[in-house]
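An overview of the molecular structure
The lines below spell out each chain.
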Amino acid sequence: MFALLIPCCTIQPHARSNEAMASLSFVALILLVVATYCGIAMALVSTRLISRVGQNALSRRKPMFLSLSHYSQQSLRPIGSWLFSTAQDLEEKDPGVVKGTHLRIVKYPHPALRAENEEITAEELKDGSIAKLAKEMFLVMYAAEGVGLAAPQVGQNKRLMVYNPSGNSKKWLDEVIMVNPKIVDYSNGKDIETEGCLSFPDMDGKVERSKWIKVESLNIRGKKVKRKFTGWEARIFQHEYDHLDGVVYVDRLDEENRANVQPRLDELVEGFGEGGVL
Ligand code: ZN
């Protein structure tokens, strides 16, 4: 009996101890899982935050055009508005050859920037050639770290523009393709912001534009769309729309801003050589 009891008595504490250990191990495991989960979540958030700051930093430095003061007004871009405080940080990137397309950005005074741009036909929309062109324009635009591109800027004299206000290729839902766009109304209220352009590397200037615009356009499926743009998107649209009319932002600079960029324009003209159209 004792022989039976003793082992029983000795087993009980061990069993309790093992149970306690098992409970502790279980709790420890849960804590470990929670800690790992939190760690991964924090790492993801940090990466996203860093990437967002990086994107903003890049889009501040090297967009197709931008305005630092305008960026600071963007509620979607609060991060990094203080990172670059002067327009000297503006610098477009020449992507050269871009994988997936033969398109290249033409630079002032390339005649394509001043040539007439043809309306896109229903046939071109149907056969997929415009969708292909738009897709390749996005490739070039992102490679150049720009936010918008008009077809004449890649030597295609068609009334087509693409843009993404975020300049972030991962935010493809923000991508906009405008086919045969028209400005049907605009505000008399204007604002002045600093713009640059991928066809005018290493320079920028202040441009006055309407604060809002109403536009009509076809989308890539040929469906008519009506939109109203304000702020940053209104500015992007107006800049690209000018390209479709053979107008470039330097045409809109006041005397002082024009004088500032004239030496750079002269360099571009000299670099281009024969055949340029001012
Ligand atoms: Zn431009």
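Conventions and cut-offs
- Residues numbered from 1 in each chain as written.
- Predicted model: local features only at pLDDT ≥ 70, side-chain atom pairs only at ≥ 80, totals over all residues.
- Heavy atoms only, no water.
- Helix = DSSP H or I, 4+ residues; strand = E, 2+ residues; numbered from the N terminus.
- Expected span 1.5 Å × (residues − 1).
- Buried < 20%, exposed > 50% of the residue type's maximum accessible area, 1.4 Å probe, protein only.
- Contact = heavy atoms within 4.5 Å.
- Donors = N, O, S within 2.8 Å, 3.2 Å for Na, K, Ca; no water.
- Pairing = 2+ DSSP bridges.
- Axes fitted to C-alpha atoms, helices over the stretch in contact; angles between N-to-C directions.
- pLDDT = per-residue confidence, 0-100.
- Phe/Tyr/Trp six-rings, centres within 6.5 Å; stacked < 30°, edge-to-face > 60°.
- Lys NZ or Arg CZ within 6 Å of the ring centre and 35° of its normal.
- Core = buried A, V, L, I, M, F, W, Y, C linked by side-chain atoms within 4.5 Å.

Turning our eyes to something else, we now look at helix H6 (residues 255-272). Between its first and last C-alpha, H6 extends 24 Å over 18 residues, near the 26 Å set by a 1.5 Å rise per residue. Every buried residue of H6 is listed here: Asn257, Val261, Arg264, Leu265 and Leu268. Residues of H6 that are buried make contact with strand S5 (200-210). Among the residues trailing H6, Gly273 stands out with phi positive, at a value near 85 degrees.

Moving on: the coordination of the zinc ion. Protein ligation of the zinc ion involves Cys197 (SG), His239 (NE2) and His243 (NE2), the donor distances falling in the range 2.0 to 2.2 Å. We note that the donor set of the zinc ion lies within a single chain, spaced as C-x41-H-x3-H. Here Cys197, found in strand S4 (residues 190-197), pairs with His243, found in helix H5 (residues 231-244); they are 46 residues apart in sequence, far enough to count as distant. Like Cys197, the residue His243 is buried in the burial classification.

A few words now on the sheet that holds strand S1 (residues 148-150). With antiparallel pairing, five strands are arranged side by side in an open sheet as S1-S2-S3-S6-S7. Pairing within the sheet leaves two strands with one partner each, and these edge strands are S1 and strand S7 (224-230). Here the strands of the sheet are splayed against their neighbours by 40 degrees on average, with no regard to which way each runs. Taken together, the four bridges between strand S2 (residues 160-163) and strand S3 (residues 176-186) define a ladder with antiparallel strand orientation. Along S3, the bridge assignment pairs Val162 with Ile177. Each of S1, S2 and S3 is contacted by helix H4 (residues 129-143), which is oriented at about 45 degrees to S2, the strand it contacts most. In the packing of H5 onto the sheet, contacts are made with S1, S2, S3, strand S6 (212-218) and S7, and the angle to S3 comes to roughly 100 degrees.

Averaged over the protein, the pLDDT score is 79; the fraction of residues at 70 or greater is 67%. The low-confidence segment residues 1-13 (pLDDT under 50) makes one contact with residues lying over four places distant or belonging to another chain. A low-confidence stretch, residues 44-90 stays under pLDDT 50, and its non-local contacts, those more than four residues away or across chains, total 90 contacts.

Time to look at the pairing of S6. By the alternation rule, side chains of S6 split into Ile213, Val215 and Ser217, which are all buried, and Trp212, Lys214, Glu216 and Leu218, of which none is buried. Bridge count between S6 and S7: seven bridges; the pairing is antiparallel. Note on S7: the bridge partner recorded for Leu218 is Lys224. Here S6 folds back onto S7, and the loop between the two strands holds five residues, one of which, Gly222, carries a positive phi near 85 degrees.

Moving on, we get to the packing of aromatic side chains. Both the distance between ring centres and the angle between the ring planes are used here to describe each pair of aromatic rings. Across all of its chains, the model carries six aromatic pairs by this definition. Judged by centre distance (4.8 Å) and plane angle (25 degrees), the ring pair of Tyr108 and Phe200 falls under stacked. Placement of the pair is Tyr108 in the loop between helix H2 (68-73) and helix H3 (122-126) and Phe200 in strand S5, with a sequence separation of 92 residues. The residues Tyr108 and Phe200 share a single accessibility class, namely buried. Aromatic side chains Phe200 and Tyr249 sit 5.6 Å apart centroid to centroid with 75 degrees between the ring planes, which places their arrangement in the edge-to-face category. Taken as a pair, Phe200 in strand S5 and Tyr249 in the loop between H5 and H6 lie far apart in primary sequence, 49 residues in all. For Phe200, a relative accessible area of 0% corresponds to the buried category. Cation over ring: Lys228 sits above Trp212, and NZ or CZ is 4.6 Å from the ring centre.

Moving on, we get to the nonpolar core. Formed by 21 residues in total, the largest nonpolar core has its most connected members in Ile130, Met137, Val140, Leu149, Leu160 and Val162. Breaking this core down by element, the ones donating at least two residues are H4 and S2. For this core, the leading source of residues is H4, giving eight residues. Setting aside residues up to four positions removed in sequence, Met137 forms contacts with Leu103, Leu149, Ala150, Ala151, Val154, Leu160, Met161 and Val162.

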